[in-house]
Amino acid sequence: MIDESLLEAEDKMERAVAHAKEEFAAVRTGRASAAMFSKITVDYYGAQTPLPQLASIAVPEPRMVIIKPFDMSQTDAIERAIRESDLGLNPNNEGNQLRLNLPIMTEERRREMIKVVRSKGEDSKVSVRNIRRKSKDEIAKLVKDGEAREDEGHQAEKDLDDITGRYTKQIDDLVAAKEAELLEI
């Protein structure tokens, strides 16, 4: 029973780290990336649809992105969604595709993005700690109800702390890597 609780907590923590990776991939650096557009949604016949489902996204150069809609009638809607996003980009409509040139990021903008990355990292660590707290409560309940011995409960809490530390360190490493990428000129 305790092992199931630990495995479930570890699985949830792993998903929290994966979510953090997705969040960090969407943060704009000075370099173009298709992942930057994963959070942008387009009004596609009344339904909010993620941009990668409506168009192919290519990065031919480090600071250029080409977006080719699968349905050419949606080019204007995609262009509008990109303009209204928080990326601060202005696409050039070339009829059958959109070309985006990423401007060089200023030092001030880099510092702002580092703050965003740190905030997202802290949010991820909070979710890992919340998972730890819930799992710890489950273990305490199992011990209290007599389904597990007290020494098993203490060992499980130590294991849970080790797991939590490992995933927290992974998030810290992701934050550090993204910061280094943002500071790169």
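Before reading further, recall that the structure is shown in the block above.
The rules behind these values
- Residues numbered from 1 in each chain as written.
- Predicted model: local features only at pLDDT ≥ 70, side-chain atom pairs only at ≥ 80, totals over all residues.
- Heavy atoms only, no water.
- Helix = DSSP H or I, 4+ residues; strand = E, 2+ residues; numbered from the N terminus.
- Buried < 20%, exposed > 50% of the residue type's maximum accessible area, 1.4 Å probe, protein only.
- Expected span 1.5 Å × (residues − 1).
- Contact = heavy atoms within 4.5 Å.
- Pairing = 2+ DSSP bridges.
- Axes fitted to C-alpha atoms, helices over the stretch in contact; angles between N-to-C directions.
- Salt bridge = Lys/Arg side-chain N within 4 Å of Asp/Glu carboxyl O.

S.K.: Can you lay out unusual backbone geometry for me, pointing to particular residues and giving the numbers?
M.R.: Of note in this structure, Tyr-45 is not a glycine but carries a positive phi near 50°. Here Tyr-45 is to be found in the loop between β1 (41-44) and β2 (47-50). Take Tyr-45: its relative accessible area is 64%, and that puts it in the exposed class.

S.K.: Tell me about helix α3 (residues 107-144), residues and numbers included.
M.R.: Over its 38 residues, α3 runs 55 Å from end to end, which matches the ideal 56 Å to within 8%, given 1.5 Å per residue. By the burial criterion, the buried members of α3 are Arg-110, Met-113, Ile-114, Val-117, Gly-121, Ser-124, Lys-125, Val-128, Ile-131, Ser-135, Ile-139 and Leu-142. Buried residues along α3 sit in contact with α1 (2-25) and α4 (150-183). Just downstream of α3, Gly-146 is the residue with a positive phi angle, here 85°.

S.K.: Break down the sheet that holds strand β5 (residues 92-93) for me, with residues and values.
M.R.: Taking strand neighbours across the sheet as the criterion, the four strands line up as β3-β4-β6-β5 in an open arrangement whose pairing is antiparallel. At either end of the open sheet lies a strand with only one pairing partner, and these are β3 (55-61) and β5. In terms of strand pairing, β5 meets strand β6 (residues 98-101) through two bridges, oriented antiparallel. Paired with Asn-92 across the strands is Arg-99, a residue of β6. Sheet contacts for helix α2 (residues 75-84): β3, β4 (64-69), β5 and β6; angle to β6, the most-contacted strand, approximately 20°.

S.K.: Explain the pattern of salt bridges to me, and be specific about the residues and the numbers.
M.R.: Tallying each qualifying case throughout the model produces 18 salt bridges. A salt bridge links Arg-15 to Asp-11; the nearest nitrogen and oxygen atoms lie 2.7 Å apart. Separated by four residues within a single helix, Arg-15 and Asp-11 lie in helix α1, roughly one turn from each other. Classification of Asp-11 by relative accessible area gives partly exposed; the value is 39%. The closest approach of N and O atoms between Lys-125 and Asp-172, which form a salt bridge, is 2.8 Å. Of this pair, Lys-125 sits in helix α3 while Asp-172 sits in helix α4, and the two are 47 residues apart along the sequence. Here the residues in one salt-bridge network are Glu-122, Lys-125, Arg-129 and Asp-172, joined through shared partners.

By themselves these figures say nothing about function.
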